[in-house]
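# What the coordinates show
One-letter residues, chain by chain:
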Amino acid sequence: MKRSTFNYIKQILKDYPQIDDHIKRRMEELQYPHRHEDVNAGIKGNAQSDSMANLMITIEQDRRLSALERNKKVVEDNLSECGDDTETIIRELYIKRYPRYRMEGLVENHLIECGRTKAFQLRDNFFENIADDLGLDK
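This is a predicted model, so every value here is computed, not measured.

## Structural notes on helix H3 (residues 63–81)
- Helix length check: H3, at 19 residues, gives a terminal C-alpha distance of 27 Å against a target of 27 Å (1.5 Å per residue), a fit within 8%.
- Where H3 is concerned, the buried positions are Leu65, Leu68, Asn71, Val74, Val75, Asn78 and Leu79.
- Structurally, H3 contributes buried residues whose contacts are with helix H1 (3–15), helix H2 (19–31), helix H4 (84–95) and helix H6 (116–134).

As structure tokens, then:
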């Protein structure tokens, strides 16, 4: 897997606990857009209004919002389908805000029931499934 793809998925997993807040904030931005005050509103002239300024992006059309929702669904689906060891690895190493263990610590403290090599294979398979679901290059 490409390093950039791996790091992108890693960042998605890091943001996963706050994804509901990101979605909520983006919906509020779309529902209540910030409007700049026009200091020249009183000046008369032949200036044409900018049609793009009057265009509002709807919630259904917003790419950023749909990407956030897609990422959330893909991570939830893959976490629910993976085994207990894989879920423990992903939650401890990538989703937790302050991870307590590294891969070696998970194996040595018997938090997962496999060896180090198998643990890395489980992690890599999980990342590949995420990449496939998101349509990313491996």
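## What about the packing of aromatic side chains?
- In this structure the tally under the stated criterion is three aromatic pairs.
- Ring centres of Phe6 and Phe127 lie 4.6 Å apart, and the angle between their planes is 20°; this geometry places the pair in the stacked category. With a gap of 121 residues between them, Phe6 in helix H1 and Phe127 in helix H6 connect regions that are remote in the sequence.
- Classification of Phe6 as buried rests on a relative accessible area of 13%.
- Classification of Phe127 as buried rests on a relative accessible area of 0%.
- A ring pair is formed by Tyr94 and Phe127, whose centres lie 5.2 Å apart and whose planes are at 65°; its orientation type is edge-to-face. Here Phe127 lies in helix H6 and Tyr94 lies in helix H4, a separation of 33 residues in the sequence.
- The exposure class of Tyr94 is buried, given its relative accessible area of 7%.
- Cluster of aromatic residues (ring-pair linked, three or more members): Phe6, Tyr94, Phe126 and Phe127.

## Things to note about the packing of H4 against H6
- Relative to each other, H4 and H6 sit at 80°, their axes nearing to 9 Å. Taken together, the axes of H4 and H6 lie roughly perpendicular to each other. Together, Asp85, Thr86, Ile89, Ile90 and Tyr94 of H4 and Ala119, Leu122, Arg123, Phe126 and Phe127 of H6 make up the contact between the two elements.
- Classifying every residue of the contact of H4 with H6 gives seven nonpolar, one polar and two charged.

## Digging into the environment of Ile23
- Relative to the assigned elements, Ile23 resides in helix H2.
- Residue classification places Ile23 among the buried residues on the basis of a relative accessible area of 11%.
- If near-sequence neighbours (up to four positions away) are discounted, Ile23 is found in contact with Leu65, Leu68, Glu69 and Lys72.

## Overview of the environment of Met103
- One can find Met103 in helix H5 (residues 103–108).
- As for Met103 and Thr117, which are separated by 14 residues in sequence, their C-alpha atoms are 9.8 Å apart.
- Excluding anything up to four places from it in sequence, Met103 contacts Ile89, Leu93, Ala119, Phe120 and Arg123.

So, how was this worked out
Residues numbered from 1 in each chain as written. Predicted model: local features only at pLDDT ≥ 70, side-chain atom pairs only at ≥ 80, totals over all residues. Heavy atoms only, no water. Helix = DSSP H or I, 4+ residues; strand = E, 2+ residues; numbered from the N terminus. Expected span 1.5 Å × (residues − 1). Buried < 20%, exposed > 50% of the residue type's maximum accessible area, 1.4 Å probe, protein only. Contact = heavy atoms within 4.5 Å. Phe/Tyr/Trp six-rings, centres within 6.5 Å; stacked < 30°, edge-to-face > 60°. Axes fitted to C-alpha atoms, helices over the stretch in contact; angles between N-to-C directions. Parallel < 35°, antiparallel > 145°, perpendicular 65-115°, else oblique. Nonpolar A, V, L, I, M, F, W, Y, C, P; charged D, E, K, R; others polar.

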